[in-house]
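# Fold and contact review
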Amino acid sequence: MALIRVCFGTMLLGLTFIPFSAAMEQVNVATPSYGLIELPVVVAVRNGYFRSERLEIQKIQIEPEVAVKALLAGEVNFSLAWEASVRAAAAGLPIKVVAAIVTKPPYVLMSRPEVRTGKDLKGKTLGMDTFASMTDYLSRMAVRYLGVESGTIAFVEIGNTALRLAALKTGEIQAATFDLTGAVKAEQQGMKRLVPIGEIIEYPMLGAAATTAQLATKREQTTKFIRALLRGTRFIKQHRTETIPIIQRYLKLTAREAAQTYDWAAPYFTDDGLILDRLLALSVRRAKDEGKSANDSALRQVADWSVIREVMAERRKLPPWLKQYDP
């Protein structure tokens, strides 16, 4: 009996030690919009991946350019606004992209039913959120792919997804580019899928960025964040059945819409958070000047893959049987 009491007491000491061994760290994450761009973070939170790293995640939705300022001011630890982060880093600000999550644009050029080919776009109106935005850039890429001269199409500013979809339905515009969730809704309402843009070009659209100060002084926190983020991404790619209900609840979609959104989006996520130099160079060229090439020094100025490489090297040491339980 005495031995049992001693063992039981030892167990209690161990149990009471765990919760207090490491305090939860609050990590503020800036996200530019509500939608698929947040899905890896949402999944990682839901599955407890951040909590297992002793991180408490606070998502803050703010404009991309404001997110850059918040990063520099230390008000947020990470930003998911890929393009704004690359632009800031390319301009010499102390910001680095530390993980790439999506390598292809999760966008689709949608049209009214009567627009069946690129030729049918001539003389028509294409709506976007704002000029010089990502949807503007991707829309023009899609039109070029269809072999249509941009001068034969009227490009107009309409506003957000809901406004563009409404304008498409009424015939105010004949085509518009939507993210995958918006494209699914448009298709459900009778619109035509003209060009899935992720199938014609590779272009990184989502990733995490941090300041050089974060990397220098909070490297362990950065490692924990990236490790949990990648677990969320892998879960999405490996667990279709479990991910679809998460998409459905989070984005307030029907089961059919959530399944279609998943099937379009899942192949676009990276396996390890890394991208090829040529894809990073595309972002750098767009951030600076499309006519200029991005050399190795420019790429090093924009990205720091050291943490993610350490995380992946650590994962490679896991036995195969354990990886199936730890996505």
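What comes next concerns the included structure.

About the criteria used
- Residues numbered from 1 in each chain as written.
- Predicted model: local features only at pLDDT ≥ 70, side-chain atom pairs only at ≥ 80, totals over all residues.
- Heavy atoms only, no water.
- Helix = DSSP H or I, 4+ residues; strand = E, 2+ residues; numbered from the N terminus.
- Buried < 20%, exposed > 50% of the residue type's maximum accessible area, 1.4 Å probe, protein only.
- Areas by Shrake-Rupley, 256 points an atom, 1.4 Å probe, with all protein chains shown as cover.
- Pairing = 2+ DSSP bridges.
- Axes fitted to C-alpha atoms, helices over the stretch in contact; angles between N-to-C directions.
- Contact = heavy atoms within 4.5 Å.
- Core = buried A, V, L, I, M, F, W, Y, C linked by side-chain atoms within 4.5 Å.
- Salt bridge = Lys/Arg side-chain N within 4 Å of Asp/Glu carboxyl O.

### Let's talk about the overall build of the protein
Helix and strand content of the protein: 16 helices and ten strands. Split into buried and exposed, the 327 residues of the protein put 51% on the buried side. Taken as a whole, the protein presents about 15,800 Å² of accessible surface, with 55% of it coming from carbon and sulfur.

### Some thoughts on the sheet that holds strand S5 (residues 107-111)
Read from one edge to the other, the open sheet built from five strands follows the order S7-S6-S8-S5-S9, with strand pairing classed as mixed. Only two strands of the sheet have a single partner each, and these edge strands are strand S7 (154-157) and strand S9 (192-196). On average, each strand axis in the sheet is tilted by 30° relative to the strand beside it, whichever way the strands run. Summarising the sheet, strand S6 (residues 125-128) and strand S8 (residues 175-179) pair through two bridges and their orientation is parallel. Residue pairing across strands places Leu-126 opposite Ala-175, the latter belonging to S8. Together, S5, S8 and S9 form the strand contacts of helix H8 (residues 180-188), whose direction differs from that of S8 by roughly 130°.

### Topic: the nonpolar core
By size, the foremost hydrophobic cluster in this structure holds 112 residues, and its most contacted members are Val-97, Phe-225, Leu-280 and Trp-305. Apart from residues no more than four positions distant in its own chain, Leu-280 is found in contact with Trp-82, Val-97, Ile-275, Leu-299, Val-302, Ala-303 and Trp-305.

### Overview of unusual backbone geometry
Even without glycine at this site, Ala-132 takes up a positive phi of about 70°. Secondary-structure assignment places Ala-132 in the loop between S6 and helix H6 (134-145). Classification of Ala-132 by relative accessible area gives exposed; the value is 66%. If you check the backbone angles, Lys-252 has positive phi at about 55° while not being a glycine. Note on placement: Lys-252 falls in the loop between helix H11 (240-251) and helix H12 (255-265).

### A look at the pattern of salt bridges
One pass over the full model with this rule turns up 16 salt bridges. As a salt-bridge pair, Glu-38 and Lys-59 come within 3.4 Å of each other at their nearest N and O atoms. Taken as a pair, Glu-38 in the loop between strand S1 (25-31) and helix H2 (39-46) and Lys-59 in strand S2 (residues 55-61) lie far apart in primary sequence, 21 residues in all. For Glu-38, a relative accessible area of 1% gives the class buried. Note that Lys-237 and Asp-271 form a salt bridge whose closest N and O atoms lie 3.5 Å from each other. Placement of the pair is Lys-237 in helix H10 (residues 219-238) and Asp-271 in the loop between H12 and helix H13 (277-288), with a sequence separation of 34 residues. Through salt bridges with shared partners, a single network forms among Glu-25, Glu-220 and Lys-224.

### Re the pairing of S5
When a strand is regular, its side chains alternate between the sheet's two faces. With five of five residues buried, S5 lies mostly within the body of the structure. The alternating pattern of S5 places Tyr-107, Leu-109 and Ser-111 on one face and Val-108 and Met-110 on the opposite face, and all of these are buried. Here S5 pairs with S8 via five bridges, running antiparallel. Within the sheet, the bridge partner assigned to Ser-111 lies in S8 and is Ala-175. With four bridges joining them, S5 and S9 adopt antiparallel strand pairing. Bridging from a neighbouring strand, Val-108 pairs with Pro-196 of S9.

Keep in mind these values describe shape, not function.
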